[in-house]
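Spelled out, the chains give:
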Amino acid sequence: MKIARIETFMVPPRWLFCRVETDDGLVGWGEPVVEGRAEVVRSAVEVLAEHLLGQDPLRIQDHWQVLTKGGFYRGGPVLSSAVAGLDQALWDIAGQAYGAPVHALLGGPVRDRVRVYAWVGGDEPSRLREEITAQVEAGFTAVKMNAAGATSPVPTAAETAAVVARVAAAREVLGPERDVAVDFHGRFSAAGARRVLTEIAPLHPLFVEEPVVPEQSQLLASLVAAGPVPIATGERLYSRGEFLPVLGAGVAVVQPDLSHAGGISEVHRIASLAETYGATLAPHCPLGPIALAASLQIAFATPNFLIQEQSRGLHYNKDADLLSYVVDPEPFRFVAGEARRGERPGLGITVDEAAVRAADRAGHAWRNPVWRHPDGSFAEW
């Protein structure tokens, strides 16, 4: 069996899919994308495909080594994301070849159900209570929200109070038996994050995500030491090497993205590394169905898994949604806020190829907004 064909598809709202086909007809799907830079990752996939064409798709680990290291210059979001999507597709093919789900190939399941959370925004708090109530009524036991929109690096008293009010509103709706995670999105300085963390600690967030931007990860230890709020990070880290110092800093939750951090192969290793530090895994995934399917396969096979992000109803998804490109929605049917383990081979989903090809003809050019402070200077989005 040899890899005969590799294609990519730009599909709304902001995703990139790749399709890997073998000469005996097996097809694997992956989701290699950097949100807002999908065209660039598409080109990277085309370059990396030169190595894979004509090769045995089942030599996944060997391909991973060559794709990540064979070009001498290594790492970064574009290359790591291109590798991630191809890696997902190869695992999908391997599962079909062996007649087993990917979680079985990773050593077998350690759980039957995976807890997932829903997004409720938070940049603009006017509808926060309504959005959280809707998710509770849908059965979710956890939500995640942004702490704030564009914010001063060291938040004012009013800005700090606004964050606390939002989290307090969420806690009031959720009660003590459900969880709220709070995403800082790197919008604060370390000093600002420390101030806000202290104020929201009594509201018992499940974790606070990206309290500072990843290039300031050396400051995480001071935030971990500042109080009891569990610190999470990792959506903009792409390898075990990049996760090692943040784990050493004492973060409680690591959040590699299956479409950014080298795919199933590398995230499985990141999870094992995190386990040695007593940290849990909560994969980042505000993306499409292939990325989520890959994330769930990791979750079913990872002992130190915590909770899974998913994009149903996410505010970015205006032109298409999680279920727009799959034949059967059953793998993404959440019961009581949980995904149930399936035994379908590979990633466990059937991609609607006709819908993907039709969407690619329209394509997309999604870009994240650029924010500015009142004085006109750049603000973290």
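Here we summarise the structure given alongside this text. (Residues numbered from 1 in each chain as written. Predicted model: local features only at pLDDT ≥ 70, side-chain atom pairs only at ≥ 80, totals over all residues. Heavy atoms only, no water.)

1. Details of the overall build of the protein chain
- Along the backbone of the protein chain there are 12 helices and 15 strands.
- Here the C-alpha radius of gyration of the protein chain, 20 Å, is about what a compact globule of 381 residues would show, namely 21 Å.
- With the C-alpha coordinates of the protein chain rotated into their principal frame, the extents come out at 65 × 45 × 45 Å.
- Every one of the 381 residues in the protein chain was classed for burial, and the buried ones make up 56%.
- Long-range pairs, those at least 24 residues apart, make up 72% of the contacts in the protein chain with a sequence separation of at least 6.
- For the protein chain, the accessible surface area stands at approximately 14,800 Å², while carbon and sulfur atoms represent 53% of it.
- The averaged location of the 45 negative side-chain charges in the protein chain is 1 Å from the averaged location of its 34 positive side-chain charges. (Helix = DSSP H or I, 4+ residues; strand = E, 2+ residues; numbered from the N terminus. Rg over C-alpha atoms; globule rule 2.2 N^0.38 Å. Buried < 20%, exposed > 50% of the residue type's maximum accessible area, 1.4 Å probe, protein only. Contact = heavy atoms within 4.5 Å. Areas by Shrake-Rupley, 256 points an atom, 1.4 Å probe, with all protein chains shown as cover. Lys, Arg positive; Asp, Glu negative; His and termini not counted. Charge placed at Lys NZ, Arg CZ, Asp CG, Glu CD.)

2. What to know about the sheet that holds strand 3 (residues 27-30)
- In spatial order, the strands read 1-2-3; together these 3 strands make up an open sheet with antiparallel pairing. Unpaired on one side and paired on the other, strand 1 (3-11) and strand 3 mark the two borders of the sheet. Geometrically, the sheet is characterised by an average inter-axis angle of 20° between neighbouring strands, direction not taken into account.
- Lying on the sheet, helix 3 (residues 77-98) is in contact with strand 1, strand 2 (15-22) and strand 3; it crosses strand 3 at an angle near 145°.
- The strands touched by helix 12 (residues 353-362) within the sheet are strand 1, strand 2 and strand 3, with strand 1 carrying the most contacts at an inclination of about 60°. (Pairing = 2+ DSSP bridges. Axes fitted to C-alpha atoms, helices over the stretch in contact; angles between N-to-C directions.)

3. Observations regarding the side chain of E266
- With respect to the helices and strands, the residue E266 is situated in helix 10 (residues 263-276).
- For E266, the residues in contact, after removing those within four places along its chain, are W64, Y238, S239, R240 and A261.

4. Side note on the pairing of strand 1
- Burial of strand 1 is extensive: 7 of the 9 residues sit out of reach of the surface.
- Where strand 1 and strand 2 come together, 8 bridges link them in antiparallel fashion. Opposite E7, over in strand 2, you have R19 as the bridge partner.
- In this structure, the hairpin formed by strand 1 and strand 2 is closed by a connection of 3 residues.

5. Concerning the environment of L347
- Position of L347 among the secondary structure elements: in the loop between strand 13 (338-340) and helix 12.
- Taking the relative accessible area as the measure of exposure, L347 reaches 3% and is therefore buried.
- In this structure the C-alpha to C-alpha distance between L347 and R166, which are 181 residues apart in sequence, comes to 37 Å.
- The residues touching L347, leaving out its near neighbours within four places in the chain, are W29, Q88, D92, V102, I264, I290, A293, A294 and Q297.

6. Thoughts on unusual backbone geometry
- Here the bond from P12 into P13 is cis, since omega is 10°, no more than 30 degrees from zero.
- Tracing the sequence through the fold places P13 in the loop between strand 1 and strand 2.
- Backbone geometry places H204, a non-glycine residue, at a positive phi of 60°.
- Mapped onto the secondary structure, H204 falls in the loop between helix 7 (190-200) and strand 7 (208-209).
- The class of H204 is exposed, set by a relative accessible area of 58%.
- In this structure, A336 is a non-glycine residue whose phi angle is positive, near 55°.

7. Here we look at the side chain of H260
- Counting through the fold element by element, H260 comes out in the loop between strand 9 (253-254) and helix 10.
- Reaching out from H260, the side chain makes a polar contact with the backbone oxygen of V33 at a distance of 2.9 Å.
- A polar contact of 3.1 Å, which involves the side chain of H260, links it to the side chain of S81.
- In contact with H260, not counting residues within four places along its chain, are V33, V34, E35, S80, S81, A84, E235 and Y238. (Polar contact = N/O pair within 3.5 Å; in protein donor to acceptor, adjacent residues only side chain to side chain.)

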